[in-house]
There are 2 protein chains.
Amino acid sequence: MSALTDLLAFQRETEALAQVMGRLGWDQETVMPKGAAEQRSDEMGALESVLHARRTDPRVGEWLDNAEATTEAEAAQLRLIRRGYERAMKVPADLATALARTTSLAQGIWARARAADDVAHFLPTLEEVVNLRRQEAAALAGSDGTLYDALLDDYEPGMSGDEIAALFDRMRPRLVALRERVLGQGTPPKGLTGAFPEDRQLALAHEVAGVFGYDFLHGRIDQAVHPFSSGSGKDVRITTRVDEGEPLGCLYSTIHEVGHATYEQNIDDAYGLTALGQGVSMGVHESQSRIYENQLGRSAPFTGWLFNRMRAHFDDIGLHDQAAFHAAVNRVNAGFIRTEADEVHYNLHIMLRFDLERALISGDLAVADLEAAWNDRFEADFGVKVDRPSHGMLQDVHWSVGLFGYFPTYSLGNVYAGCLNEAMRRDIPDLDAHLAEGDPSAATFWLRERLQRHGGLRPPRETIMEATGGEISEAPLLDYLDAKFAAIYGV
Amino acid sequence: MSALTDLLAFQRETEALAQVMGRLGWDQETVMPKGAAEQRSDEMGALESVLHARRTDPRVGEWLDNAEATTEAEAAQLRLIRRGYERAMKVPADLATALARTTSLAQGIWARARAADDVAHFLPTLEEVVNLRRQEAAALAGSDGTLYDALLDDYEPGMSGDEIAALFDRMRPRLVALRERVLGQGTPPKGLTGAFPEDRQLALAHEVAGVFGYDFLHGRIDQAVHPFSSGSGKDVRITTRVDEGEPLGCLYSTIHEVGHATYEQNIDDAYGLTALGQGVSMGVHESQSRIYENQLGRSAPFTGWLFNRMRAHFDDIGLHDQAAFHAAVNRVNAGFIRTEADEVHYNLHIMLRFDLERALISGDLAVADLEAAWNDRFEADFGVKVDRPSHGMLQDVHWSVGLFGYFPTYSLGNVYAGCLNEAMRRDIPDLDAHLAEGDPSAATFWLRERLQRHGGLRPPRETIMEATGGEISEAPLLDYLDAKFAAIYGV
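Treat the numbers as computed from the prediction; the structure is a model and nothing was measured. (Residues numbered from 1 in each chain as written. Chains lettered and ligands numbered in written order. Predicted model: local features only at pLDDT ≥ 70, side-chain atom pairs only at ≥ 80, totals over all residues. Heavy atoms only, no water.)

1. Side note on the overall build of chain A
So, point 1. When helices and strands are tallied, chain A shows 20 helices and three strands.
So, point 2. Against the 2.2 N^0.38 benchmark of 23 Å for 491 residues, chain A shows a C-alpha radius of gyration of 23 Å, consistent with a compact globule.
So, point 3. Each of the three principal axes of chain A carries a C-alpha extent, and together these read 65 × 50 × 50 Å.
So, point 4. Burial status across chain A gives 55% buried among its 491 residues.
So, point 5. A fraction of 73% describes how many contacts in chain A between residues 6 or more apart in sequence connect residues 24 or more apart.
So, point 6. Working note: accessible area of chain A is about 19400 Å², and carbon and sulfur atoms make up 51% of it.
So, point 7. Across chain A, the centroid of the 47 positively charged side chains sits 2 Å from that of the 75 negatively charged ones. (Helix = DSSP H or I, 4+ residues; strand = E, 2+ residues; numbered from the N terminus. Rg over C-alpha atoms; globule rule 2.2 N^0.38 Å. Buried < 20%, exposed > 50% of the residue type's maximum accessible area, 1.4 Å probe, protein only. Contact = heavy atoms within 4.5 Å. Areas by Shrake-Rupley, 256 points an atom, 1.4 Å probe, with all protein chains shown as cover. Lys, Arg positive; Asp, Glu negative; His and termini not counted. Charge placed at Lys NZ, Arg CZ, Asp CG, Glu CD.)

2. Considerations on the packing of aromatic side chains
Residues and elements named next belong to chain A.
So, point 1. On inspection of all chains with the given rule, the structure shows 36 aromatic pairs over all chains.
So, point 2. Geometrically, the ring pair formed by F168 and F354 is edge-to-face, given 5.2 Å between the ring centres and 80° between the ring planes. Placement of the pair is F168 in helix α8 (residues 161-183) and F354 in helix α14 (residues 343-362), with a sequence separation of 186 residues. The pair formed by F168 and F354 is uniform in burial state, with each residue classed as buried.
So, point 3. With a centroid separation of 6.2 Å and an interplanar angle of 50°, the aromatic rings of F407 and Y410 are classed as tilted. Of this pair, F407 and Y410 both sit in helix α16 (residues 407-427), three residues apart, which is roughly one turn of the helix.
So, point 4. Overall, F407 belongs to the buried group, its relative accessible area being 1%.
So, point 5. What makes Y410 buried here is its relative accessible area of 12%.
So, point 6. Chaining the aromatic ring pairs together yields one cluster made of Y155, Y346, W374, W399, F404, Y406, F407 and Y410. (Phe/Tyr/Trp six-rings, centres within 6.5 Å; stacked < 30°, edge-to-face > 60°.)

3. Brief notes about the sheet that holds strand β3 (residues 237-240) of chain A
Strands belonging to one sheet form pairs held by backbone hydrogen bonds; the direction of such a pair is parallel or antiparallel.
Residues and elements named next belong to chain A.
So, point 1. The strand order across the open sheet built from three strands is β1-β3-β2, with neighbouring strands paired in mixed fashion. The strands lining the two open edges of the sheet, one partner per strand, are β1 (221-223) and β2 (229-230).
So, point 2. Of the pairings in the sheet, the one linking β2 to β3 comprises two bridges and is antiparallel in character. Looking across to β3, one finds that S230 is bridged to R237.
So, point 3. Contacts from helix α9 (residues 198-211) reach β1 and β3, with the element oriented near 150° to β1. (Pairing = 2+ DSSP bridges. Axes fitted to C-alpha atoms, helices over the stretch in contact; angles between N-to-C directions.)

4. Re the domain arrangement of chain A
All names here are of chain A.
So, point 1. Parsing chain A into structural domains produces domain 1 (3-145) and domain 2 (146-491).
So, point 2. For domain 1 versus domain 2, the separation of C-alpha centres amounts to 25 Å.
So, point 3. Approximately 4100 Å² of surface area, both sides summed, lies buried where domain 1 meets domain 2, with 61% of it carried by carbon and sulfur atoms.
So, point 4. Ranking the residues of domain 1 by area buried against domain 2 places W26, R133 and R134 at the top, with a combined share of 16%.
So, point 5. Run the count over domain 1 and domain 2 and you get 19 residue pairs in polar contact (both at pLDDT 80 or more).
So, point 6. Element by element, the count of residues in the side of domain 1 that touches domain 2 is highest for helix α6 (residues 119-141), at 14 residues.
So, point 7. Residue classes in the side of domain 1 that touches domain 2 are distributed as 19 nonpolar, eight polar and 15 charged. (Domains from an automatic or database assignment. Buried area = accessible area lost by both parts, 1.4 Å probe. Polar contact = N/O pair within 3.5 Å; in protein donor to acceptor, adjacent residues only side chain to side chain. Nonpolar A, V, L, I, M, F, W, Y, C, P; charged D, E, K, R; others polar.)

5. Some remarks on the interface of chain A and chain B
So, point 1. In this complex, chain A contributes 35 residues to the contact, which on the side of chain B involves 35 residues.
So, point 2. Summed over both partners, the interface of chain A with chain B buries about 2700 Å², with 60% contributed by carbon and sulfur atoms.
So, point 3. Broken down residue by residue, the surface that chain A buries against chain B is led by P33(A), Q39(A) and E43(A), which jointly contribute 19%.
So, point 4. Counting across the interface, chain A meets chain B through eight salt bridges. (Salt bridge = Lys/Arg side-chain N within 4 Å of Asp/Glu carboxyl O.)

6. Topic: the packing of helix α12 (residues 300-314) of chain A against helix α13 (residues 322-329) of chain A
All names here are of chain A.
So, point 1. Axis separation between α12 and α13 bottoms out at 9 Å; the angle between their running directions is 105°. The angle between α12 and α13 falls in the class roughly perpendicular. Judged by residue contacts, A300, T303, G304, L306, F307, N308 and M310 of α12 engage Q322, F325, H326 and V329 from α13.
So, point 2. Taken together, the residues that form the contact of α12 with α13 break down as six nonpolar, five polar and no charged. (Parallel < 35°, antiparallel > 145°, perpendicular 65-115°, else oblique.)

7. Quick look at the relation of the copies chain A and chain B
Put simply, the two copies of the chain differ by a rotation about an axis and a shift along that axis.
So, point 1. Note on the copies: chain A fits chain B at an RMSD of 0.0 Å, the axial shift is 0.0 Å, and the rotation between them is 180°. Taken together, the rotation angle and the small translation identify this as a two-fold axis. (Least-squares fit on C-alpha atoms with pLDDT ≥ 70 in both.)

8. Some details on the side chain of D222(A)
Residue and element names in this part refer to chain A.
So, point 1. Relative to the helices and strands, D222 resides in strand β1.
So, point 2. Overall, D222 belongs to the buried group, its relative accessible area being 14%.
So, point 3. Among the polar contacts made by the side chain of D222, one reaches the side chain of R220 at a distance of 2.8 Å.
So, point 4. Ignoring any residue separated from it by four or fewer positions in sequence, one finds D222 in contact with W26, T30, I238, T239 and T240.

9. Here we look at the packing of α14(A) against helix α15 (residues 370-382) of chain A
Residue and element names in this part refer to chain A.
So, point 1. In the contact formed by α14 and α15, the axes pass within 11 Å of each other and the chain directions differ by 150°. The pairing of α14 with α15 is recorded here as roughly antiparallel in orientation. In this structure, α14 meets α15 at a crossing whose hand is right-handed. Here H345, L348, H349, M351, L352, R353, D355, L356 and L360 of α14 come into contact with α15, specifically with L370, A373, W374, R377, F378, D381 and F382.
So, point 2. Taken together, the residues of the contact of α14 with α15 sort by class into ten nonpolar, two polar and four charged. (Left-handed = near helix turned anticlockwise from the far one by under 90°.)

10. Considering the pattern of salt bridges
Where charged atoms from two side chains of opposite charge come close, those side chains can pair.
So, point 1. A complete count under the given rule lists 80 salt bridges over all chains for this structure.
So, point 2. R461(A) serves as the salt-bridge partner of E163(A), at 2.6 Å between the closest nitrogen and oxygen. With E163(A) in helix α8 and R461(A) in helix α19 (residues 460-468), the pair connects residues that are 298 residues apart, well separated along the chain.
So, point 3. Residue E163(A) is classed as partly exposed on the basis of its relative accessible area of 33%.
So, point 4. The class for R461(A) is partly exposed, based on a relative accessible area of 27%.
So, point 5. Note that R174(B) is salt-bridged to D482(B), the shortest N-O span being 2.9 Å. Of the two residues, R174(B) sits in helix α8 (residues 161-183) while D482(B) sits in helix α20 (residues 475-489), which places them 308 residues apart along the sequence.
So, point 6. The class of R174(B) is partly exposed, set by a relative accessible area of 31%.

11. A short note on the sheet that holds strand β2 (residues 229-230) of chain B
Residue and element names in this part refer to chain B.
So, point 1. What the three strands build is an open sheet, ordered β1-β3-β2; its pairing is mixed. The outermost strands of the open sheet, each flanked by one partner alone, are β1 (221-223) and β2.
So, point 2. With three bridges joining them, β1 and strand β3 (residues 237-240) adopt parallel strand pairing. Across the sheet, I221 pairs through a bridge with I238, a residue of β3.
So, point 3. Lying on the sheet, helix α10 (residues 247-265) is in contact with β1, β2 and β3; it crosses β3 at an angle near 160°.

12. Some points on the environment of R179(B)
Residues and elements named next belong to chain B.
So, point 1. Mapped onto the elements of the fold, R179 is located in helix α8.
So, point 2. Once the C-alpha coordinates of R179 and V332 are considered, the two residues, 153 residues apart in sequence, prove to be 8.2 Å apart.
So, point 3. Those residues in contact with R179 that lie beyond four places of it in its chain are A334, V344, H345, L348, D381, F382 and G383.

13. Observations regarding helix α20 (residues 475-489) of chain A
So, point 1. Helix length check: α20(A), at 15 residues, gives a terminal C-alpha distance of 21 Å against a target of 21 Å (1.5 Å per residue), a fit within 8%.
So, point 2. Once α20(A) finishes, G490(A) follows within two positions and takes phi at roughly 60°, a positive value. (Expected span 1.5 Å × (residues − 1).)

14. A short note on a negative patch on the surface
So, point 1. On the surface, a cluster of negative charge is contributed by E198(A), D199(A), D243(A), E244(A) and E246(A).
So, point 2. Along the chain, E246(A) turns up in the loop between β3 and α10 (247-265). (Patch = residues over 30% accessible without salt bridge, like charges linked within 9 Å, V, L, I, M, F, W, Y side chains within 5 Å.)

15. Topic: the environment of R54(B)
Residue and element names in this part refer to chain B.
So, point 1. Here R54 lies in helix α2 (residues 37-55).
So, point 2. Non-local contacts of R54, meaning those with residues more than four positions away in its chain, are made with F10, E13, T14, L17 and V60.
So, point 3. In this structure the side chain of R54 is engaged in a polar contact, spanning 3.0 Å, whose partner is the backbone oxygen of F10.
So, point 4. A polar contact is formed between the side chain of R54 and the side chain of T14, at a distance of 2.8 Å.

So this is what it looks like as structure tokens:
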């Protein structure tokens, strides 16, 4: 057999084992008996050891040295496998072990600190996580770049901190201006009222997931504390959560996760259990979840159809026309919590985190000074004082598990979604008419053909540019937001 | 570190990975999306390769050569690890691969053959499975023993085909005599009638599982096509199935699986993720499921309590006193299907399979002659002609997946359960009074302390003898059956 054949066969098993790890994660969050947590940690640790050994197996290096690609897909396979191998080889084993152990403990410490609003309880652990990730970044960066860029590269290959900073600098003034126009307008839209039983919310979630093309033959919806999508290829499951007082959370988190999940489901079968068989980056992944959720799911025509479905599922929802429902679904308010933020505020939350984490990793900001820096920045950007740490620097799990460089991919996803939406609407001029009938299939088909089916074939930037036929720019997103909220708020 | 420490650390990871394999099996049978089957097979295949490589890792042999045990538990660890290592090393890799692939395909072919009552469709595959298992048996047996004993040793270490044949020869006359007395009695007991909705059957199953000591903090109950118990240690899940026309299947399959599952849950925590951390053999496992199901769950005092719980859950069940319910739960009839057999007939089903599979493996019976042999034997033993292959040789999955040597462990389990029941009732003279109040905890405590907590510490035979304080004999089982059915049928 050739080196390429051997390498791809080996990689196939590695990808299959990575899927098994994903199954364990899904199980843990959905169905695992409570008392099984400690044993599960042993099970996942053993599987992680196996995966690490495979990712640093010297044969992979030899095969990579000798393999020759003759197609674009083979070249992409080699590129991605080499990337993973070189990354794994750069990180000393004891550092990888220390990171795994520390972040695993840190997540529990963070959860307790958040529950008790006790920053001091979390700081020593966070300090250790930052230190370890800085060491890892130094090992990854070598002499080639900044520490932060080395971490960012895990989530959005080919993107740099400077490029994101420049992008955010261009976005901020227009977002702040829009925010002020909307909040200055005075009367916020009315919210929903009524009875929203769990079983009917789940029935609607299943219906809408199907409408957006989620394939239940290769997936399922369960409940979990946090909504997520899990798995690739032929088994891609999503979760949602239900609050019986508020049905929009379940509904839109489902549409969001369906965006992630259909991306995975729609990747070319030929890439299954290969390095190309997953979404290409966190940013591109988020572009799919956000365009499903926002540009399609929160559009005026689709919410018009949804208003009728809501009334069919819940009878009275306290709103009496499509416009009022559209406004309720897109209500803007300056809350503390990122995950509850509207489209106008969301990226401002991310910019705050991006600047702070970049300063933590560069060494410009000490962990001890993080809370003050967060609170000052939040008041400056949002005009409100943070009233407690769980509404401030303790709100997100990310840093506790070492996810530095991850936050900006949420905003990149929004920017990509803006570009994709512009191109898609150019190609499908009558999309709104379909959406008004509850049919986003023209859009989801377009996304599948232009982007999703390619998986990891091209790097993230090229993936978006190939799909849109143009450069990546923040302008389409900002134009879309200006137009949408001007219409809803009359500003 | 010492060789023993290294070996036990390595084994701990192997055991953790084996648990992961169990989770995948559970997932496949309960929640997996239908379209994920092929990918799942790749995932399980990759994990199986990892496990096989660990089980044949040359370091295991070296550690075994150098490790020294200083405690009974350490000696047992070494004995079980050596057993697994030597077994894995004896089977050539290509034979193991061929067996895995063939049996995986054969199961589907068997299922289609059974659905179509088409023996010819199954025979070529069965022939291949028998041939491969005979090759494997030859590799395992070396010059030491018979082919069948080599296979039996996988499921019931220390037991031989000759010993089982002698045991069955002693059991058959008394079972046949009891069968004839009962069936000759004329009027079969009345069955249940009423409405048995799924949710109420599951509520009762959960209640009764709790009564038998099933620990829901470390387990859960789901529905599956076939009831099973899965996992060891801190995550032991069971499944059941619901037929809305007939509530006893769900109820007693749950009690049966709770017997298996509590055995796993009650093993000493110190043995978790070690070679001692599972039930010691199939026969001993079955002794726990059967004593829970039959000697406890189908006893007159317990069914008296259960009669009232049934009426509380289902209102009218068509029976109006405890004696009628006890008779219904223990109804004897000569059906074709092993899994539906009563306590009188069950072991006769096993004896038929034991003799046929032993002849297949020895070469005395050709696969082509199996159907005729089955049908002749069934008519001789049960007095009824097999009316279709799915009621005959196609009814069980076992042979299609290569499980030759497994069937007799069911009857060994019944024999062990008889011995355990006798000793337990000697030690707990007032057990019936507790059972009449729906409280089997004196019995389950006795079983936990005398047997379950020891896991794999002692070989199967010693495990039973230590628990009972006596020899293993079929007499207690047969005495129990004679007394029980004499009382119910007045014979």
